[in-house]
Every structure is written in structure tokens, then in C-alpha cells.
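A structural walkthrough
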Amino acid sequence: MKIEKEYLNLEDVYEIRIFDAAEIDFYNSTPQEFDIDDDPIQEFINNISDDVHIFIPHENGKDFIIQSLSSNILETYNRSQEDAKGRLLSKISPLCFDMLHDYLFEIYTNHSTKEMRIVYYDNQNELIKKSTAKIVFYMERIFIIVSNVGGTIGNPAGMFDKTLDENQNSIMEKLSQTGSYYKINGRYAWSQGIYNIINRHKEESDEHHNIVLDLAIPEDKYKVDKILNITNKETSQCDEIIRIVDAKGILKLIEVTVYSYFDDNGVFIRQGWINVLTQRHNEGTESIDFLLDGSKSSMKLAWLIEPLNKKLYNFSKGFYNLIEKDYGEYVHSREILNNIAEKEVVDEIKKLADGDISKVDETLTYKVDGDTQNIKIVNLYIERFEYNNNVHSLGFLADVTEEMQKKEQLIESNERQLVLIKELHHRVKNNLQIINSFLNLEKRAYKDCPELVIEHMQTRLTSLALLHEKTYNSPDFKNINLNECLSDQDISTKKLVNSPMEIEFKTYVDENINVSIEVITPLLLIVDELTMIAIRNALPDKTTLDKKIIKKVTMSDKDTVLLTFEEIGIGIKDSKDITDAIGCEIIKSLTKQLDGTITSIKNENGIVYELVFPIEMVHTIH
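Residues numbered from 1 in each chain as written. Predicted model: local features only at pLDDT ≥ 70, side-chain atom pairs only at ≥ 80, totals over all residues. Heavy atoms only, no water.

1. Brief notes about the overall build of the protein chain
Each helix and strand in the protein chain was counted, giving 16 helices and 24 strands. Put simply, the protein chain has 622 residues, and 48% of those count as buried. Of the contacts formed within the protein chain by residues at least 6 apart in sequence, a portion of 56% connects residues at least 24 apart. A total of about 31,500 Å² of accessible surface is found on the protein chain, and carbon and sulfur atoms cover 48% of it. (Helix = DSSP H or I, 4+ residues; strand = E, 2+ residues; numbered from the N terminus. Buried < 20%, exposed > 50% of the residue type's maximum accessible area, 1.4 Å probe, protein only. Contact = heavy atoms within 4.5 Å. Areas by Shrake-Rupley, 256 points an atom, 1.4 Å probe, with all protein chains shown as cover.)

Below is the structure:
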């Protein structure tokens, strides 16, 4: 077997010639290597008469994983889709891999489309079959759509086998009013797209006459004669726009491009492409919308055909979903630009329409019907180009509102997390410095009682650990629930302190008092110090019953908080016990940090402390 590859300039097509092929050359059984989900459009493709093969690029195009093969090839080798799916092309068909890899890699890299022709010869170098193939990159997949244009072959080629009687058209022709035809040895072969254009089904006599040009209106018959005269020459090309009346009496403006050439075997071939330019109702584009939008439910992508032409424009359904209008409600004009918020984008589109620039690629804010409360974020791309001395335009719209909102939320979340991390590091550093200062003070004050120093440090460290846990689980450092913190602090303190008798802790906090970390840090340490003073001085008696520490937190006004700390026990007999205590010096220092004031009142049950402080302080990290 031999393979030749050549680019034919005249026809602008890549041709692969295969000599003396056999079935065994095209298919190897190989185990599945990848788990592949079903493609959402697979069922749709299964109902198309063309061979459609779908591949997933692997390792940046070094190889390609089979998503699916056409039912035709699977039937040829008596295989199911499961026998092919998830295999590497290089292993299941080394011949096809070697033959196609360069083309597939180029299309994967450039996101382009390539037309190809595959020609089969027997061992006597006699032509036995021709196929055309279109290779398309779409939805991160490679689609190979294969159609036969003549000849017969006993299923040696597997990947490209088709019979003459079946429609010879690409997948896009199946889905829109664009068609192609061939005339070989005096017989016509028409694609399904042609029948979409003329609005009728296939008839037996269609292979004997030009079923499109015969429908030209009398005023355009001279153009038909021109097409036939030019294309009767040995090698030629002709482009015309004519008007026809289809089988349902609808007048259509169509663009006709016809090539004539001799193939390598001297066979004269006339090949034509026909595209409808007349504005079509969206009913005629339902199928193409399905493919281009990616699935039946997706309406966020809109394809724009001739968007700069008021009369010949054609938009997919996603456009009407985007502007929230039915097809019949919309009249195409520059008025739609009034709904675009960005003036600079409007100016760019107007420059494009006037021919001052060649393309627009922008992200814009679209106000549906001018409503500022109904906003959509849209990616817009429109390109203006010339073809056959006429100006054309193509483009797309993509509704990215949801994606942009998620992106903004993610950015905001990331920024908040950065602030939290910075604040956390800042607070850890400050808290360690505070603990170190307290430790230095108490080493001097309680040098004969190291156990007391350790116990105090334990309570403070426990409170700070509790604080870090609360701030870690808080959405920010400005709204930490005070009731939760004080209640959890009570539980931790009871486990740590060495009290001769059980002390009851009671805490009452007005509902929903939230404070920032600047407030909560010194506040918890103040409560720690008051608790240690109370246990050490006011509640030491083993015989005293009903020993309690009661804390109440209320709002004095909308900006100020009042903390009342009350010890119920034997009380402190000498006020100097409070004044001279190192704990009181620490409390004074912490109160100053809190921008608050603290007072103490002795009563018959013990001491009552009242701490007044502002509920908010200036945040240190911005």
C-alpha cells in the first residue's frame, strides 16, 4: 500500500491518494485507555447520513482520543461505539494517524477548518472511489465530516467509506441553507443543503438537470447562461448572485460559486456551492442553532451573519434570547446601539459599519430595552471583509454575565482572604508581643511562684487560641460574635484554673452584639485578668458555697458597650489587694488599648467591675 499527499492550488484542496488499500490496514482492536463521557450532540450526529468522527486532542495534539466514530465504519468492522471510544487514534488506526496527524494538529493549533479529498486506487492504479472531508475544530473537539463523491470500494477505507446514492454534504450543509453539488459524467449529485434551499425532497430525476438554476426568475436567466458558458471551459470559476423561486413559491436571493476542472484521470467535474443570502426565519435555522449554541438548552451564544447589513442579516436564536425579544419583534437597525452602556464601544461599532476599521472585539454592558436594572455583560466580535468585490461581515455574541459575576466574586473573595491573612499575621505578632510583656511583668512580680505565672499564661494563650479560631471561621475581622466568644472562654477557663471549689460562670450578652478583632482581643484578655484576680483573691475559701463569676454585656447606646463583671464570694477585704495587684496594671494597659474606662465597686458579695468601651475601632488593615 502507498499514500501520497498533495495540495492542489487550483481547487484549494488537500488531496490524499491511497493505493491498494485493504480493510486490515485501517482498524486495529485495542483496549480502552480513557473514560470518555458521551458528547451532548452524539444522538443528533447519529441521525446524519454523512460519516462524522469526533476526536479529543491529547497531549497538546501529539495524539487524538476517539470520542466517537461514524456508525458506517463501526458497521464495516462489526464493532460498537464502545469498541472505539476512549482509544488513541495512533493505536486503533496507525494508518489514519500517519495520514491525518499533520492536518489535525494544524487545525487544533490554529482553530481552523480544512477541506480535503481522499482518492482510492486499486493495485492497478485504477480510480475506484473518491471522498471529500471537512475537518473542523469546535467545542475543543476535532470533527471530521466525510462524504463520498463517486466510485465504489469494498469497504477498505473504513474511516471514509460512503456510497454515491447518499447525500454528499458536510455537517454544516445538513443544518443550514447552504449546499453543494457535483456534476460528473453528465450526472448531478446534490447535497441536503440544496434541498433545504429549494424547499422540497429528493426526486429520481434530480441527477439529470440543474434543480437550482432551473428555478431562476426570467430576469436572471442571462446569469444562468453566463454560469454555464464559463464553466463549460476546461478549468474555470464563476461567481454570481441570482434570484430563484423555491418549491413553495418563496423568492430567494442565492450566491452561486461553480468550479470546473479535470481530475487526474481526465474526468471533467463541475462542482458548485450555493448559499442563501435572503433573510430567513429562525425556523429554518433551528438545527444550526442547536449545533452552534452547543446544546438545545444553551442560549448564551449568538452567531451573527451579515450583522452590518440591514436587509441580509441572519442571527441565531441566542441573539434573540440575549435581547429578550421574539424573532418577529426585532427590526435590525443602529437603534440597538442605544442599549450599549459604553460609548467607546458604540463608536467602535459605528466605525466598523462605516468601513473605518475592520473588526470589533469588545466586552460591553447591554441594557435590555434600555432598562438599567436588566443588565447583561456581553462579548462581541464582528469582522468585516471583502469577498467577490462585496463587503460582508460575520461575528458572534456571548452572554458572559454569569461568568463575570463569578469572576468578580472570586476577585472580591481573594482580596478579602489576602486582607484576612495579613490581619492574622499582624494579630499573631501583636498577641505574642503582649504575652511576652505580661510574662516579663509576672516573672518579676511572682518570682517565688512560677506555677502561678504558668497558670496565667495558659489562660491567656487559651483565650487567644479561641480568638484565632473564631476569626478563622468568621467571614471577616469586623463581625465576631461576642456571646459565643465569652461563653467559650468560660468553658476553657473552668478547665484550666486550679480552684479549690467549683465556681459557677454565668454570662449574659445582648443579642447579636458583634465586634471587631481590635475590640475582642483586649476585651478577652481583660476578662482573663479579672477572672484570675477574682479566683486568687475573692474566691479562695474552700468552705464558701455558691461562688460565682457573672458577666453581663449590654449596649449603653448605639456606639458604646458596657461590660459588668461581678464576683460573688467572700470578697476582697483590702482594696489595696486590687490596686497593687499586677493583674490590675495589666487591666489598665488593656483598657487603654480598648479606648475604654474601668471602675470597681465593692459590695457585700464582692467586687463589681464596670468596663465601658466603644463598639467600633479603626481597622488597622485596609
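Having seen it, we continue.
2. Description of the sheet that holds strand S19 (residues 504-509)
Strand order in this open sheet of five strands is S19-S21-S22-S24-S23, and the pairing throughout is mixed. Of all strands in the sheet, those with a lone pairing partner are S19 and strand S23 (597-602), marking the two edges. Averaged over all pairs of adjacent strands, the angle between strand axes in this sheet comes to 15°, irrespective of strand direction. Strand direction decides the pairing type here: strand S21 (residues 548-555) and strand S22 (residues 560-568), joined by eight bridges, are antiparallel. (Pairing = 2+ DSSP bridges. Axes fitted to C-alpha atoms, helices over the stretch in contact; angles between N-to-C directions.)

3. Digging into the pattern of salt bridges
For the structure on display, the rule yields 23 salt bridges. One salt bridge in this structure joins Arg-17 and Glu-4, with 3.1 Å as the shortest N-O distance. Residue Arg-17 is found in strand S2 (residues 13-19), and its partner Glu-4 is found in strand S1 (residues 2-8); the two are separated by 13 residues along the sequence. A residue is classified by how much of its surface remains accessible, and Glu-4, at 27% relative accessible area, is partly exposed. Connected through salt bridges with shared partners, the residues Lys-2, Glu-4, Glu-6, Glu-15, Arg-17 and Arg-117 form a single ionic network. (Salt bridge = Lys/Arg side-chain N within 4 Å of Asp/Glu carboxyl O.)

4. A word on the pairing of S2
Counting buried residues in S2 gives six out of seven residues, a clear majority hidden from the surface. Relative to S2, S1 is paired through seven bridges, and the arrangement is antiparallel. When the bridges of S2 are listed, Tyr-7 appears paired with Tyr-14. Where S2 meets strand S5 (residues 113-121), six bridges bridge the pair, whose relative direction is parallel. Note on S5: the bridge partner recorded for Phe-19 is Tyr-121.

5. A word on the side chain of Thr-30
Its place among the elements puts Thr-30 in the loop between S2 and helix H1 (42-46). The residues touching Thr-30, leaving out its near neighbours within four places in the chain, are Arg-87, Lys-91 and Ile-92.

6. Brief notes about the nonpolar core
Side chains that are nonpolar tend, in soluble globular proteins, to be buried together. By size, the foremost hydrophobic cluster in this structure holds 45 residues, and its most contacted members are Ile-520, Val-553 and Phe-613. It is helix H14 (residues 517-538) that provides the largest number of residues to this core, a total of 13 residues. The contacts of Val-553, once residues within four sequence positions are left out, are Leu-482, Leu-486, Tyr-508, Val-509, Asp-510, Ile-513, Val-561, Leu-562 and Leu-563. The next biggest cluster of nonpolar side chains, apart from the first, holds 33 residues, and it includes Ile-16, Ala-21, Tyr-120 and Ile-144. (Core = buried A, V, L, I, M, F, W, Y, C linked by side-chain atoms within 4.5 Å.)

7. Comments concerning a nonpolar patch on the surface
Taken together, Ile-305, Phe-385 and Leu-394 make up a surface patch of nonpolar side chains, about 230 Å² in accessible area. On the secondary structure map, Ile-305 appears in strand S13 (residues 301-305). Overall, Ile-305 belongs to the partly exposed group, its relative accessible area being 37%. (Patch = residues over 30% accessible without salt bridge, like charges linked within 9 Å, V, L, I, M, F, W, Y side chains within 5 Å.)

8. Regarding helix H10 (residues 343-353)
For H10, the full list of buried residues reads Val-345, Val-346, Ile-349 and Leu-352. Each buried residue of H10 lies within a common arc of 120° when the element is viewed along its axis, so the set occupies one face. Along H10, exposed side chains directed more than 90 degrees from the buried face belong to Lys-343 and Glu-344. A positive backbone phi angle near 85° is found at Gly-355, which sits one or two residues after H10. (Arc of directions from axis to C-beta.)

9. Here we look at the packing of aromatic side chains
Each aromatic ring pair is described using two quantities: the centre-to-centre distance and the angle formed by the ring planes. Enumeration according to the criterion identifies 13 aromatic pairs in this entry. Geometrically, the ring pair formed by Phe-319 and Tyr-320 is edge-to-face, given 5.2 Å between the ring centres and 85° between the ring planes. Chaining the aromatic ring pairs together yields one cluster made of Phe-315, Phe-319, Tyr-320 and Tyr-330. The ring of Phe-19 has Lys-2 lying over it, and the distance from NZ or CZ to the ring centre is 4.7 Å. (Phe/Tyr/Trp six-rings, centres within 6.5 Å; stacked < 30°, edge-to-face > 60°. Lys NZ or Arg CZ within 6 Å of the ring centre and 35° of its normal.)

10. Looking at the sheet that holds strand S9 (residues 187-190)
Read from one edge to the other, the open sheet built from five strands follows the order S9-S8-S12-S11-S10, with strand pairing classed as antiparallel. Among the strands making up the open sheet, the edge pair consists of S9 and strand S10 (236-245). Strand-to-strand, the axes of this sheet are offset by a mean angle of 20°, without reference to chain direction. Relative to the sheet, helix H7 (residues 221-231) contacts S10, strand S11 (251-262) and strand S12 (268-276), its axis offset from that of S10 by approximately 155°.

11. Here we look at unusual backbone geometry
Backbone geometry at Glu-59 places phi at a positive 50°, although glycine is not the residue there. Mapped onto the secondary structure, Glu-59 falls in the loop between strand S3 (51-58) and strand S4 (63-68). Positive phi outside glycine occurs at Asn-60, with the angle close to 55°. Locating Asn-60 in the fold gives a position in the loop between S3 and S4. Residue classification places Asn-60 among the exposed positions, given a relative accessible area of 62%.

12. Looking at the environment of Ala-84
Tracing the sequence through the fold places Ala-84 in the loop between helix H2 (71-76) and helix H3 (89-92). A sequence separation of 57 residues divides Ala-84 from Tyr-27, and the C-alpha atoms of the two residues are 9.9 Å apart. Ignoring any residue separated from it by four or fewer positions in sequence, one finds Ala-84 in contact with Ile-66, Leu-69, Leu-74 and Ile-92.

13. Focus: H7
Those residues of H7 not exposed but buried are Lys-223, Val-224, Ile-227 and Thr-231. For H7, the buried positions fall inside an angular range of 105° around the axis, keeping them on one side. In this structure, H7 carries Tyr-222 and Asn-229 as exposed residues pointing more than 90 degrees from its buried face. Structurally, H7 contributes buried residues whose contacts are with S10, S11 and S12.

14. Some thoughts on the pairing of strand S8 (residues 178-184)
Pairing analysis gives seven bridges linking S8 to S12, with the strands arranged antiparallel. Of the residues in S12, the one forming a bridge with Ile-184 is Ile-269. Taken together, the four bridges between S8 and S9 define a ladder with antiparallel strand orientation. Directly across from Ile-184, in S9, lies its bridge partner Arg-187. Counted along the chain from S8 to the antiparallel partner S9, the turn is two residues long, and its residue Asn-185 has a positive phi close to 55°.

15. Structural notes on the confidence of the model for the protein chain
For the protein chain, per-residue confidence averages 77 on the pLDDT scale, and 79% of positions sit at 70 or higher. The secondary structure element of the protein chain with the lowest average pLDDT is helix H5 (residues 171-175), at 41, and the one with the highest is H10, at 94. Ignoring residues within four places in sequence, the model shows residues 149-176, a span with pLDDT below 50, making 114 contacts including any to other chains. Here residues 279-298 is modelled with pLDDT under 50, and outside its nearest four sequence neighbours on either side it reaches 45 contacts, counting other chains as well. (pLDDT = per-residue confidence, 0-100.)

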